[in-house]
Amino acid sequence: MEIKEEKTSDEAQHFLPATQADNLREPQFTSIQRIANESKLEFVLACKDLVATARDRKLNTFVQISVVHPAEQTLTRYSSTEIVEGTRDPLFLTGVTFPPEYPIYEETKIKLTVYDVKDKSQDTVRTRVLSEHKEPRTDVGRNFLGLTTFKVGDLVKSKEQQLTLTLRTSDGGKTVGTIDVSLVKMGEIEEGEVDHITTDVQGQKCALVCECTAPEGISGKDSLPLLNAVLKNPICKLYRFPTSENKWLHIREQMSESTLSFHVPKELINLHIKEDMRRNQDLKELGELAPHWDNMRKNVIAHCEQMLTMYQDTLADLGKHTGSSFKSSCSKGEKTLEFVPINLHLQRMHVHSPRLKDALYDVFTVGAPAAHCQGFKNGGLRKLLSKFEAERRNTGYQCIYYSPENTAKAKEVLSNINHLQPLISSHADLLLNSASQHSPDSLKNSLKMLSEKTELFVHAFKDQLVRSALLALYTARPGCVLKKPTVPRNSVEECGDPQGQDHPSQIQRQNSIPHHSEYDEEEWDRVWTNVGKSLNCIIAMVDRLLEKEDSSSGIKESENDPSSAACMVSHTSGDWYEQLYPLIITLKDCMGEVVTRAKQSMTFVLLQELACGLPQRLMLTLRRDIVFSQALAGLVCGFIIKLHTSLHDQSFLQQLHTVGLIVQYEGLLSTYSEEIGMLEDMAVGISDLQKVMFKIIEAKSNDFLPVITGRREHYVIEVKLPAKMFELLPQEIKEGKQLHVYPVLFNVGINEQQTLAERFGDTTLQESVNQENFEQLKEYYKLFTEKMPPDCLPHFQEQNDLKGLLENLHQNIQAKKRKNVEIMWVAATICRKLNGIRFTCCKSAKDRTSMSVTLEQCSILRDEHQLHKDFYIRALDCMRSRQTQGALNESDDPEAGCLTDNKPTSRHFYPVALLLVSSHLLVVWLILSLALLLAKYQ
């Protein structure tokens, strides 16, 4: 029989959906009935009366699970249990689970092989070296005890949902014990447990719980397309742990990749390309400039075109990417993947407790958002941006200095222009269409929309920046002369009878910004106020037309605005369209003039920003885009999953559109060497997420991937929901209200490099980041308590709980305690109590992240689900054991996705603990490390 290895992540990509696999691929086999999106088959194991190879030997046993596929009759090694020491009756806490996509049928055979491990330090199953052998050799650290097989159908159809099988030697002659196989059905209450569930117990529900109940009217089948669009290649593990009341906790742990790891960066880069192309075109259309400014513009455009080409190449490379839907840590140095987050996964723990409802605990794990390809020799974004702004302010560049606030305002004005101008034109055309149809109601509605958008347009230019930028632009024109006028001219004449005018426009148009003439500083005020006056004429005309319409129908209205009398026509007859058309043309002409002047002036401001510090400015923008892209991919994934799991929670939905959503990042980076730069990048990238707004829309097709719109200073993420799920949303969200997010980052270094930083380095970066984000968290809590009623905090009894936690967090941040992990615990608890999204990050989202997540999971089981105190360490070992991952070699990196050499992971020549014993040895070690770093960057 051929023996294969189970490729847990890669092979899952080739599995058909369960319905297709059952109906098309293997029609002759019997499918296993299951709930949508639930595991097909789950069972746990226990052995009895095992026979040792030596009489006095204490057994250290584990079970290897293999699958015999009925179609191919091939054996695939699937997974393993943990090692249970010192007993001949081992009860295994690690179970076996088959995900929904796995092709398993009632005819499928399961092979169970029991081994005795000689040395637990070699507990990793080296299955790759055994592919040519039917049974393992004894020289790899384990002895074969016995095996047995059973059909899946026998287990599923058994009356007791359990099989007791005999273990025999490979020749089938000798009996070496028995093994019990017990079927597990998550979410079902065992017999005899119903009486124990009371309302009192439900009141003790964990503050971190998200109940596993589907919204009314929503089945797993309805929500499955959304999950499948976001999550991919789940890896599941099953555990059972005893409680303090001698009941069983069943835990399903699932780690899933996200398709958004690549989708969001591609959407974002495409958005940047469009934005940069518009900016480059605006620079080219800036008009004639003096030689100095013209040369500056040419230089800026040349650099911007190069950067634009780089973005386009990156987008093309991402479009060609095939294979895994996440970026492994091995690839963090690849230039083509620098916008993609590292190891973005959803880590979900599903707990079936005998007394409580099923609960979900979600943590998103991702590598710290950082520009690894650009390196950290000069620090990260936090340091680079501060240094650049100081140099730009203090150094005599040959350009005009505008503060970051002014440049941001200029980008906002340009964005408003691009957004409002087509809307106003569209509503003006609708007004004319309503006039041609002689429809009073439609005319009123069209006028209302036109008025709202035009008022927004006018108010967008009530800023001193536009006026000063126009003056600066005029001085940059060839041969400019400044003169302040003494007598202002009226730019708007009294509106008369349109029939007595040859030209439809009632407003005298001014020339564009003068070149060789005197510049009137007050001219801009007259130009942009003309838009408002044109709108007033339209409103007066519509009122006049509707009044005449009411008069002809016998309805009299006495209201008359004397300030608008000059804008009313004297005749009582004529077509509505003919009377409104010249006023609409005037409005469009005035608006076009404002747009031309404002766009050129704001583009001139952006020219100064780009020109001051080329090419550093563009490189900083690139670095910021890279870091933001990585952070945004995780945020979008987290928002969609949180929305999906909490769709039935009306308090959460009210909080979502009333206050917004808190997003907490747990950072585990040290403040030593390169990780200082990573933390600086991460702090800026997460802070930039405040620019993001979410909008939930109804999906009109089977495409549920989110859409990103906006610009660098303001992004809107459109999340699509199936129709049945969309109907459950509050009316405010369904009407398109934009939803805020409040990201906060708390970092505590925990590795040996942090030990060096705390003893001999500097930790002020970590302290300042934690303090700044605490202030933001406190502001969110204040906003939450002001806008939300007290009873909308469903997972704790008193608001004093949160106040106490915030005070505790503040005290821990202020305390000068080394590796104060209490900050992480308290911040995580506050986040979950506020219905937030949790992220855990380290350099690559591997070792430190996995240790943190598994510790958090076991602590939740202990504190909230009464995990037996004697099994806490064993539960932690089960979750951290690579043994239970099945066909993994100890030289494999399951999260990195690559095969590593059998070499020590540490880059140091000596253990740090030994070096700390002697200060002399430490100095020598530091010198050697410095020499290695210098050699690396030369």
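1. Some points on the overall build of the protein
Check the secondary structure of the protein and you find 25 helices and 25 strands. Split into buried and exposed, the 938 residues of the protein put 53% on the buried side. Here the contacts in the protein between residues at least 6 apart in sequence split such that 77% fall between residues at least 24 apart. Entry remark: accessible area of the protein is about 42,300 Å², with carbon and sulfur atoms responsible for 49%.

2. A short note on the state of the cysteines
What we call a disulfide is simply a covalent bond connecting the sulfur atoms of a pair of cysteines. One pass over the full model with this rule turns up one disulfide. Here Cys-399 is linked by a disulfide to Cys-612, with a sulfur-sulfur distance of 2.0 Å. Between Cys-399 and Cys-612, the S-S torsion sits near 115°, and that sign places the bridge as right-handed. Residue Cys-399 is located in the loop between α7 (381-394) and α8 (404-436), and its partner Cys-612 is located in the loop between α12 (576-611) and α13 (616-645); the two are separated by 213 residues in the primary sequence. Accessibility classification places Cys-399 together with Cys-612 in one group, the buried group.

3. Thoughts on the packing of helix α9 (residues 440-459) against α12
Where α9 contacts α12, the axes come no closer than 13 Å and their chain directions differ by 15°. Our classification of the angle between α9 and α12 gives roughly parallel. Note that α9 runs across α12; the crossing there is left-handed. Counting all contacts with α9, which are made through Pro-440, Leu-443, Leu-450, Thr-454 and Phe-457, the residues of α12 involved are Trp-576, Leu-580, Ile-584, Leu-587, Met-591, Val-594 and Val-595. Classifying every residue of the contact of α9 with α12 gives 11 nonpolar, one polar and no charged.

4. Digging into the pattern of salt bridges
The full count for this structure, using the stated rule, is 34 salt bridges. Of the charged contacts, one joins Arg-597 and Glu-593 as a salt bridge, the two residues approaching to 3.5 Å between their closest N and O atoms. Here Arg-597 pairs with Glu-593, and both are found in helix α12, just four residues apart, close to one helical turn. Comparing Arg-597 with Glu-593 shows no difference in burial state: the two are buried. Three or more residues are tied together by salt bridges with common partners; here these are Glu-275, Asp-276, Arg-279, Asp-625 and Arg-712.

5. Points about the pairing of strand β10 (residues 175-183)
Of all nine residues in β10, seven are buried; the element is thus mostly enclosed. Direction of pairing for strand β2 (residues 41-48) relative to β10: antiparallel, over a ladder of six bridges. Pairing of Leu-45 across the sheet is with Val-181, part of β10. Following strand β9 (residues 162-168), the chain reverses through six residues before pairing antiparallel with β10; Gly-172 in that reversal takes a positive phi of roughly 80°.

6. Comments concerning a nonpolar patch on the surface
Taken together, the side chains of Ile-750, Val-821 and Trp-825 make up a nonpolar region of the molecular surface, amounting to roughly 220 Å² of accessible area. Summarising the element assignment, Trp-825 is placed in helix α21 (residues 822-833). Given a relative accessible area of 32%, Trp-825 falls into the partly exposed group.

7. Quick notes on α7
Spanning 14 residues, α7 covers 20 Å between terminal C-alpha atoms, matching the ideal 20 Å at 1.5 Å per step. Looking only at α7, the buried set comprises Leu-381, Phe-388, Glu-389 and Arg-392. Across the axial projection of α7, the buried residues extend over an arc of 95°, all falling on one side. Opposite the buried face of α7, by more than 90 degrees, sit the exposed residues Ser-386 and Asn-394. The inward-facing, buried residues of α7 abut α8, α12, α13 and α15 (674-688).

8. Overview of the environment of Gln-753
The residue Gln-753 is located in helix α18 (residues 752-760) in this model. Gln-753 gets classed as buried once you look at its relative accessible area, which sits at 18%. In sequence terms Gln-753 and Ser-673 are 80 residues apart; their C-alpha atoms lie 8.3 Å from each other. Each residue touching Gln-753, except ones within four places of it in the same chain, is listed here: Ser-670, Tyr-672 and Glu-675.

9. Focus: the packing of aromatic side chains
Summed over the entire model, instances satisfying the criterion amount to 16 aromatic pairs. Ring geometry for Tyr-239 versus Phe-241: centroids 5.7 Å apart, planes at 15°, classification stacked. Phe-241 gets classed as buried once you look at its relative accessible area, which sits at 0%. Taken together, the ring pairs connect Phe-62, Tyr-115 and Phe-144 into an aromatic cluster. Across from the ring centre of Tyr-115, 4.3 Å away, lies the NZ or CZ of Arg-142, which sits over that ring.

10. A closer look at the nonpolar core
The biggest cluster of nonpolar side chains holds 83 residues, and the ones touching the most others in it are Val-300, Phe-457, Trp-524, Ile-538, Leu-580 and Met-602. Per element, the largest residue contribution to this core is 17 residues, and it comes from α12. Met-602 has contacts with Ala-410, Val-413, Leu-414, Leu-465, Val-466 and Ala-469, leaving out every residue within four places of it along the chain. Within the second largest apolar cluster, 63 residues are counted, among which are Leu-231, Phe-364, Tyr-665 and Leu-679.

11. Focus: the side chain of Ser-353
One can find Ser-353 in the loop between β14 (345-352) and β15 (359-367). Every residue in contact with Ser-353, bar those within four places of it in the chain, is listed here: Leu-249, Asp-358 and His-865.

12. What to know about the pairing of strand β8 (residues 142-151)
Summarising burial for β8: eight of the 10 residues are buried, a large majority. As defined by bridge partners, strand β7 (residues 109-117) adjoins β8 across nine bridges and the pair is classed as antiparallel. Bridging across to β8, Lys-109 finds its partner in Lys-151.

13. Topic: unusual backbone geometry
Of note, the bond from Leu-614 into Pro-615 is cis; its omega dihedral lies within 30 degrees of zero at -5°. As for its placement among the helices and strands, Pro-615 is situated in the loop between α12 and α13. Non-glycine residue Gln-161 carries a positive phi angle of around 55°. Tracing the backbone through its elements, the reader meets Gln-161 in the loop between α2 (152-157) and β9.

14. Here's the deal with the packing of α13 against α15
Interhelical geometry of α13 versus α15 gives an angle of 70° and a closest axis separation of 8 Å. Considered as vectors, α13 and α15 are oriented roughly perpendicular to each other. Taken as a pair, α13 and α15 cross one another with a handedness that is right-handed. In this structure, α13 uses Arg-623, Arg-624, Val-627, Phe-628 and Ala-631 to contact α15, whose residues at the interface are Asp-681, Val-684, Gly-685 and Asp-688. When grouped by side-chain class, the residues that make up the contact of α13 with α15 number four nonpolar, one polar and four charged.

15. Points about the confidence of the model for the protein
With 76% of its residues at a pLDDT of 70 or more, the protein shows a mean pLDDT of 80. Of all the helices and strands in the protein, helix α3 (residues 199-202) carries the lowest mean pLDDT, 32, while strand β22 (residues 739-747) carries the highest, 97. A low-confidence stretch, residues 189-219 stays under pLDDT 50, and its non-local contacts, those more than four residues away or across chains, total 55 contacts. The model gives residues 885-918 a pLDDT under 50, and that stretch makes 60 contacts with residues more than four places away or in other chains.

16. With respect to the environment of Asp-429
Within the secondary structure layout, Asp-429 lies in helix α8. In this structure Asp-429 comes out as partly exposed when scored by relative accessible area, which is 39%. Each C-alpha atom of the pair Asp-429 and Leu-450 lies 9.7 Å from the other, and the pair is 21 residues apart in sequence.

17. Observations regarding the environment of Lys-778
Turning to its location among the elements, Lys-778 is positioned in helix α19 (residues 764-787). Residue classification places Lys-778 among the partly exposed residues on the basis of a relative accessible area of 36%. It is 9.7 Å that separates the C-alpha atoms of Lys-778 and His-810, two residues lying 32 residues apart in sequence.

About the thresholds
- Residues numbered from 1 in each chain as written.
- Predicted model: local features only at pLDDT ≥ 70, side-chain atom pairs only at ≥ 80, totals over all residues.
- Heavy atoms only, no water.
- Helix = DSSP H or I, 4+ residues; strand = E, 2+ residues; numbered from the N terminus.
- Buried < 20%, exposed > 50% of the residue type's maximum accessible area, 1.4 Å probe, protein only.
- Contact = heavy atoms within 4.5 Å.
- Areas by Shrake-Rupley, 256 points an atom, 1.4 Å probe, with all protein chains shown as cover.
- Disulfide = S-S within 2.5 Å.
- Axes fitted to C-alpha atoms, helices over the stretch in contact; angles between N-to-C directions.
- Parallel < 35°, antiparallel > 145°, perpendicular 65-115°, else oblique.
- Left-handed = near helix turned anticlockwise from the far one by under 90°.
- Nonpolar A, V, L, I, M, F, W, Y, C, P; charged D, E, K, R; others polar.
- Salt bridge = Lys/Arg side-chain N within 4 Å of Asp/Glu carboxyl O.
- Pairing = 2+ DSSP bridges.
- Patch = residues over 30% accessible without salt bridge, like charges linked within 9 Å, V, L, I, M, F, W, Y side chains within 5 Å.
- Expected span 1.5 Å × (residues − 1).
- Arc of directions from axis to C-beta.
- Phe/Tyr/Trp six-rings, centres within 6.5 Å; stacked < 30°, edge-to-face > 60°.
- Lys NZ or Arg CZ within 6 Å of the ring centre and 35° of its normal.
- Core = buried A, V, L, I, M, F, W, Y, C linked by side-chain atoms within 4.5 Å.
- pLDDT = per-residue confidence, 0-100.

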